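The lines below spell out each chain.
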Amino acid sequence: MFKIIHHYFRGRWERYYLKSHWHLILDLSLFLIIVILLIAVASLYFYRPSLPGIGAYAPPTVDLNNPPLEIDYALASSTIKIKNGNLVKISFKNNGTAAISDIKINFLTTDANFTVSQLKAVKVDDRLSLSGREAVLAKVPAGESGEVSVWVYFNQKNQQARQINWQAQSQYNMAGQVLKETASLPSLTVAAELKAQAVAYYTSPQGDQLGIGPLPPLVGIPTDYWIFWEASSVADFKNIVFSARLPQGVELAAGRSLLAGEFNYSTSSRQIVWRIPELQGGENNYRLGFEIELIPTVEQEFQVLPLLSDIRYYGEDALTGEATRAYLNELDTNLDGDHFNSGRGVVSQP
Amino acid sequence: MKKIIFAIFLAVLFWPSLTRAAVLKNTYPRLANYFLKWEISNAEAAALAKWDLLILDMETQENSREQIMKIRALNPRVIILAYITAQEILDEIDSYDKAYLRQEFNQGIFSGWWLKDAAGNRISNWPDTYMFNLTDGALPDAAGKRFYDYLPQFVADKLQTSGLWDGVFYDNTWGDVSWINSKTLDLDNNGSPDSQNAADIAWSTGFKKMLANTRALVGRDFIIVGNGRVYDGYQPLLNGMMLESFPSFWENGGTWTGSLQTYLKLPALNLSPQTTVINIYDKNQANYRRVRYGLASTLLGHGFFSYDYDVANHGQTWWYDEYGVNLGPAQSRPYNLLASSSEILKPGLWRRDFQNGLALVNSTDRKQTYVFQKEELEKIKGHQDPTVNNGQKINYISLEPQDGLILLKRSTLIKNAPFTNGYFFRVYNFSGAQVRNGFFSYASAFPGGAEVIMASGSQDGEVDINISAASGQVNLYKNGQRVSSFSPYDKLYKKQLSLAAHLNDGYFEKVVVGAGPGGGPQVRVFSPGGKLESSFFAYDKNLRGGVNVALADVDDDGRLEIVTGPGAGTEPLIKVFTLSGRLKNSFLAYDAKMRGGVNVAAGNLTGDGRAEIVTAPAGGGGPQVRVFNNQGQALKSFFAYDQAYHGGIRVSISDVDGDGQAEILVGLHNFY
């Protein structure tokens, strides 16, 4: 065999190559091409993406029933407060033999009541980048797994809607194909917002004199103000409790106006409590008004005095059981909510 | 003899018609007008009809009879006294026009009746007048009569018989006379001056005879009021005195305290009805402080207050903001806030309480500040002195010296009409003017947001009757105890109810209920015990906006009608039904496109006995209140709150300030 090959190349040497070295160059070039083609054919045949010197390559098919990338989603809570968003943990595993890059995950709602507004990372993670409603995993090497967490925030288009139906769509490229997968996510129940306000008036927003006595307050002369608490929500609530404390020098006066619930005052603790067993969503009849009386002392001259302190409220979403606890700003004689008398709170001498 | 008997018979027969027994109103302030023009114009008559007591010159009997009749027609309870001087007459009276009665009076004057000095000169105390001698020293005429006989006879014969007068006003009822001419008076006509003491004794004795003669002739019911420094000896014969130019220098030391002591003691001395008048004159019509001072001082007692121009010109119809206030009956004696434990009358900050308010007088010479403990009062909403009568709610006052103030008590609960418990209500009169400060009508005995009617009566002793409707149930209470309870619809119906009831001295005779929003427009009529008497749909029974109800006699047929306003979802068609549900009338209260529902109320706002219908958008429309008569004719329309407010309002009709005139109450549940 060797003799044959030797004989063959000797004949060509003598007949062509000695006459013109361009023949030799031509033959060597053709040989190199043949070798390359053979290696390529072999690589494709064996589908070894990591063949040395060739680089990655894709097999000709992908099993869609068993894609190489597994993604799972876990929600921190099945109920959310719309302004707080929900924490989603994304677990992933590359079961394939090749790294997967640029994995895009989109969070979408399935009806018009809500839309996903934005995503926020829990912490800085090189693997994860966020853009609008899209999370992108940069690269998952073959055989590797991991998890990332993102906060998903929503816009509420329909204030009456309480359930968020949504899904996650993942997408990546492999073997020249775009692989998409849609995962339905557990519905979220939106915990309703309990709106509360406390305001002090001497004159109502419509211009009616409610309070009585000198304004600004005068030393030794009582000035009566009206305090209003109001609770409202688009959804039903239960066990709502407002409470506050009367500062020293402020006393509960006789005037009262209660549209719902029960009013109590403890003279020992000086605490005012308003309880509403049930609040019907969408109704605006949950309002308490009560009159308080301030008699400034000489020592309080030149001061703006507190009228109501430690104002807090609590309520439970009747649907989700989610509790709301919050504080409201202290009210004082400057009457920030009274646009007729705001700023007239400094005590002076008669 | 037969003629005499017949004359006596006629006199007995007609006596009651000649002398009306005047009945004083028991509410304050009591107002007097000292109006001494000899003629009264129609315009003046109309204006004078607003006063409670008029002192008119006797010449108006001849010159302005029609005007006096007009005054009586406009004010049937007015007391009118005929003015006549008790001790003098104008000189040359025959030269005066329109002086018919004085001229007639003058014709009967005997020359021996003039008051003279020792030189025989007639005595004058007032320009162009000469005085009479009221003593026994005056010479008798041919019939043996003296002036103290003649004057009463004239009053009885010429004034009382006219039928126009409730009494006579004797000007210058002095208890002495020596102050006029202390050295030369000759009352006994002996040509020698009388001693000062003898003159005064003779004068008071004679004057008293004149008053006694008058009383004997005119009878017990004919009012006699005197004017001048108060002389106690006359008072049992009089119904009162005028304290002119209060506090006058001549009265009891010339101080406010002295005059008030006199004023307050008179009721114990005078005959009933007691008609003492405090008069103040000031050329400045706008001296409101003086008006307040005088009026508030007057309110410390039972008398009448009068304010006019001058001692020589009493003839004004000046009306002040305080005059229009109805304080109601008095509820206390006057007391000094600066010395509450003492009843001694002295300069102070004096207060007297009335059913609907109070009067304050600062009779000291310094400004007084006072804080009302646990009291909320309201200033008058006036237009003459807005720095004082600005309508504000107050709990303290700073009152200038020699000033007075009328303050109103505040009502914070609607009585005798339905209201939503806890709503804020503004108070409007029929014309749409806001007459009092708004308030939260809230009764803690009932749930917030419940429909409530609170009433009281006295048929079986004092009782408080309340009715509430909430969560689909109606409850009736008597003196705080629940006496009846029923579900006007299905027991499962737990929604709001519209409520109306007919009240009769604290009793609910009929209870009318309408379903609230979410229910059908079904109206049901119940007895107070909860027995269903009738039921009907006021609108399409498929509607679910409920129906609002009111109950009153809107067509003056002596029977109650049910007025309905639709709930949300249909045009604002007001309907009037009989109690059995027969439609009597209907009309659109607002534009047909306004479909937010209409709240209704019905009650007599004009005092004509016929109820008006008041409507208000229950939601969706601006806060426009409209007043209709039974025929759907719009009588008034006004915006009760900011026009931009579209949250719905409700209406009710009740006399919240106790002035006898119902007001329109417009409520809203929240300010926001």
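Remember, predicted model here, so these are calculated numbers, not experimental data.

Comments concerning the nonpolar core
Judged by nonpolar contacts, the single largest core of 145 residues is most densely connected at A:I227, B:A501, B:V512, B:L551, B:A602 and B:V666. Of the residues forming this core, the biggest block, 6 residues, is contributed by strand 12 (residues 223-232) of chain A. Among all residues touching B:L551, those that are not within four sequence positions of it are B:A500, B:A501, B:H502, B:K510, B:V512, B:L560, B:I562 and B:A602.

Here we look at the interface of chain A and chain B
Taken together, the 21 residues of chain A in the interface contact 21 residues of chain B. Contributing elements (two or more residues each) for the side of chain A that touches chain B: strand 14 (250-258) and strand 17 (287-294) of chain A. Among the elements that line the side of chain A that touches chain B, the one with the most residues is strand 14 of chain A, at 4 residues. Looking at the side of chain A that touches chain B residue by residue, the classes come out as 8 nonpolar, 9 polar and 4 charged.

Structural notes on the pairing of strand 38 (residues 650-654) of chain B
In regular strands, side chains alternate between the two faces of the sheet. Residues and elements named next belong to chain B. Most of strand 38 is tucked away, with 5 of its 5 residues classed as buried. Side chains R650, S652 and S654 of strand 38 all project onto a buried face; the interleaved residues V651 and I653 project onto the opposite face, where all are buried too. The pairing of strand 38 with strand 39 (residues 663-668) spans 5 bridges and is antiparallel. Residue pairing across strands places S654 opposite E663, the latter belonging to strand 39.

Digging into the sheet that holds strand 8 (residues 240-243) of chain B
Residue and element names in this part refer to chain B. The parallel closed barrel is built from 8 strands, whose spatial order is 1-2-3-6-7-8-9-10. Across the sheet, the mean angle from the axis of one strand to that of its neighbour is 25 degrees, orientation sign disregarded. Looking at chain direction, strand 3 (residues 79-85) and strand 6 (residues 167-171) are connected through 5 bridges and run parallel. Note on strand 6: the bridge partner recorded for L81 is G167. Of the strands in this sheet, strand 8 and strand 9 (277-281) touch helix 8 (residues 256-269), which is tilted by about 160 degrees from strand 8.

What about the packing of helix 6 (residues 147-159) of chain B against helix 7 (residues 196-218) of chain B?
Residue and element names in this part refer to chain B. Their axes nearest at 8 Å, the elements helix 6 and helix 7 cross at an angle of 30 degrees. Regarding the angle of helix 6 to helix 7, the classification is roughly parallel. Handedness of the helix 6/helix 7 crossing: right-handed. In this structure, helix 6 uses Y148, D149, L151, P152, Q153, V155 and A156 to contact helix 7, whose residues at the interface are G206, K209, M210, N213, T214, L217 and V218.

Things to note about helix 4 (residues 65-74) of chain B
Residue and element names in this part refer to chain B. Looking only at helix 4, the buried set comprises Q67, I68 and I71. Viewed along the axis of helix 4, the buried residues span an arc of 100 degrees, placing them on a single side of the element. Opposite the packed face of helix 4, turned more than 90 degrees from it, sit the exposed residues E66 and A73. Residues of helix 4 that are buried make contact with helix 2 (42-48), strand 2 (53-57), helix 3 (60-63) and strand 3.

Concerning the confidence of the model for chain B
Residue and element names in this part refer to chain B. Put simply, chain B has an average pLDDT of 92, and 96% of its residues get 70 or more. This stretch, residues 6-17, has a pLDDT under 50; its non-local contacts, to residues over four places away or in other chains, come to 1 contact. Two numbers describe this predicted complex: its pTM, 0.82, and its ipTM, 0.86.

A short note on the sheet that holds strand 38 of chain B
All names here are of chain B. Taken together, the 4 strands give an open sheet; going across it, the order is 21-20-39-38, and neighbouring strands pair in antiparallel fashion. Either end of the sheet is taken by a strand with one partner, and the two such strands are strand 21 (434-440) and strand 38. Each adjacent strand pair in this sheet contributes to an overall mean axis angle of 25 degrees, direction not counted. Pairing of strand 20 (residues 424-428) with strand 39, which is carried by 5 bridges, proceeds in the antiparallel orientation. If you follow R426 over to strand 39, its bridge partner there is V666.

Details of the environment of B:S297
All names here are of chain B. Here S297 lies in helix 9 (residues 288-298). Between the C-alpha atoms of S297 and P247, which are 50 residues apart in sequence, the distance is 9.8 Å. Not counting residues up to four positions away in its chain, the partners in contact with S297 are F246, L260, I278, V361 and G404.

Focus: the environment of B:W126
Residues and elements named next belong to chain B. With respect to the secondary-structure elements, W126 resides in the loop between helix 5 (100-107) and strand 5 (129-131). Using a count of 14 C-beta atoms within 10 Å as the deciding quantity, one classes W126 as partly exposed. W126 sits 26 residues away from Y100 along the chain, and the two C-alpha atoms are 21 Å apart.

A look at the pairing of strand 36 (residues 624-628) of chain B
All names here are of chain B. Judged by how many residues are buried, strand 36 sits mostly within the fold: 4 of 5 residues are covered. With 3 bridges connecting them, strand 35 (residues 612-617) and strand 36 associate as antiparallel partners. Looking across to strand 36, one finds that V614 is bridged to V627. With antiparallel pairing between neighbouring strands as the criterion, strand 35 and strand 36 make up a hairpin whose turn holds 6 residues, including G620 at a positive phi of roughly 85 degrees. Counted along the chain from strand 36 to the antiparallel partner strand 37 (residues 634-639), the turn is 5 residues long, and its residue G632 has a positive phi close to 85 degrees.

Conventions adopted
- Residues numbered from 1 in each chain as written.
- Chains lettered and ligands numbered in written order.
- Predicted model: local features only at pLDDT ≥ 70, side-chain atom pairs only at ≥ 80, totals over all residues.
- Core = buried A, V, L, I, M, F, W, Y, C linked by C-beta atoms within 7 Å.
- Buried ≥ 20, exposed ≤ 12 C-beta atoms within 10 Å, placed from the backbone.
- Helix = DSSP H or I, 4+ residues; strand = E, 2+ residues; numbered from the N terminus.
- Contact = placed C-beta atoms within 7 Å.
- Nonpolar A, V, L, I, M, F, W, Y, C, P; charged D, E, K, R; others polar.
- Pairing = 2+ DSSP bridges.
- Axes fitted to C-alpha atoms, helices over the stretch in contact; angles between N-to-C directions.
- Parallel < 35°, antiparallel > 145°, perpendicular 65-115°, else oblique.
- Left-handed = near helix turned anticlockwise from the far one by under 90°.
- Arc of directions from axis to C-beta.
- pLDDT = per-residue confidence, 0-100.

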